[in-house]
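Each chain, written out:
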Amino acid sequence: MAPSTVLPPETFTRAVQGLTSVRPRAEIALDPLPAPKRLAPFAHAIGATVLRDEDEVSTGRLVLLYDPQGHPAWQGTLRLVSYITAEIEPELAADPLLPAVGWSWLIDALDAHGADYTAVGGTVTQTTSTRFGELSGPPAAADLEIRASWTPLSTELGVHLESWCALLSSTAGLPPPGVADLTR
C-alpha cells in the first residue's frame, strides 16, 4: 500500500504543533508514539515517563484525535485521551478519597493552566497487588491509574500538554516546580 499523499487538515496540524512545542520539566521525558488508526481520521500520540531519583515512578500516554465531522460525544472535532499510571504507597491505595483526589489533580491542572475544555470524563482506579507462590518476593505493590478524555475548545494545545504534565507530576509525587523536596 502506497503512503497517503493527503495532507492533514490545518486544524489538526496546528493542534499537533501546539503539543510538540511544550518542553516539560526535567523529570518528564516525552516521546512520540504510534497513534491509534481506528479511533479518528487523524491522530497523534505522545508517551511520557516520569523519573524521580532515577527511578521510573509514572508513565502516560496522551492521544490527540481529530475528526473533521465532529463526534456527538466529544462535543467538538478534537479530543484528547489520557492514560496515566503511577506507583503509589500501598497505604494510599486503601484511601477511599484517593480517586476523588486523583480526579481533582486533572481538573485543577487544566484550570490552573487556562486550558479551555468541555465534555471531560474518565475513571480513577487504585490497585494493590500481592505476590504468592513462585511469584512471591517484594512486598505488596500499589498503582494509581487515571484514564480521562476531554475536548479542547481551541487548537492551542500547548496549555493542555502543560496541564497533562502537571497531572503526571502530581501522580508521581513531584513537588511543584521551584519547590525543594525537604524529605530527601
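Quick summary incoming for the structure in this document. Fair warning: this is a prediction, and the values are worked out from it, not measured in the lab.

All right, on to helix α4 (residues 158-172) then. Taking 1.5 Å as the rise per residue, α4 with 15 residues should run 21 Å; its terminal C-alpha atoms sit 21 Å apart, in good agreement. Taken across its 15 residues, α4 has eleven buried, putting it largely inside the fold. Every buried residue belonging to α4 is among G158, H160, L161, S163, W164, C165, L167, L168, S169, T171 and A172, and all of these are buried. Downstream of α4 by one or two residues, G173 has phi in the positive range, about 75 degrees.

Moving on, we come to the sheet that holds strand β3 (residues 55-71). Overall, antiparallel pairing links the six strands, which are arranged β1-β2-β3-β4-β6-β5 in an open sheet. Taken across any chain shown, the strands that pair with only one partner, and hence form the sheet edges, are β1 (28-33) and β5 (117-129). Adjacent strand axes in the sheet meet at a mean angle of 15 degrees when their direction is disregarded. As judged from the eleven bridges shared by β5 and strand β6 (residues 141-152), these two strands associate in the antiparallel manner. Looking at the pairing, T118 lines up with T151 of β6.

The next point concerns the pairing of strand β4 (residues 76-88). Regular strands show a simple pattern: their side chains alternate between the two faces of the sheet. As paired elements, β3 and β4 share ten bridges and run antiparallel to each other. The residue of β4 that forms the bridge with G60 is I84. Hairpin remark: β3 followed by β4, antiparallel, with four residues in the connecting loop; positive phi at Q75, about 60 degrees. Bridge analysis of β4 against β6 gives nine bridges, and the strand direction is antiparallel. Of the residues in β6, the one forming a bridge with T85 is E145.

So, how was this worked out
- Residues numbered from 1 in each chain as written.
- Predicted model: local features only at pLDDT ≥ 70, side-chain atom pairs only at ≥ 80, totals over all residues.
- Heavy atoms only, no water.
- Helix = DSSP H or I, 4+ residues; strand = E, 2+ residues; numbered from the N terminus.
- Expected span 1.5 Å × (residues − 1).
- Buried < 20%, exposed > 50% of the residue type's maximum accessible area, 1.4 Å probe, protein only.
- Pairing = 2+ DSSP bridges.
- Axes fitted to C-alpha atoms, helices over the stretch in contact; angles between N-to-C directions.

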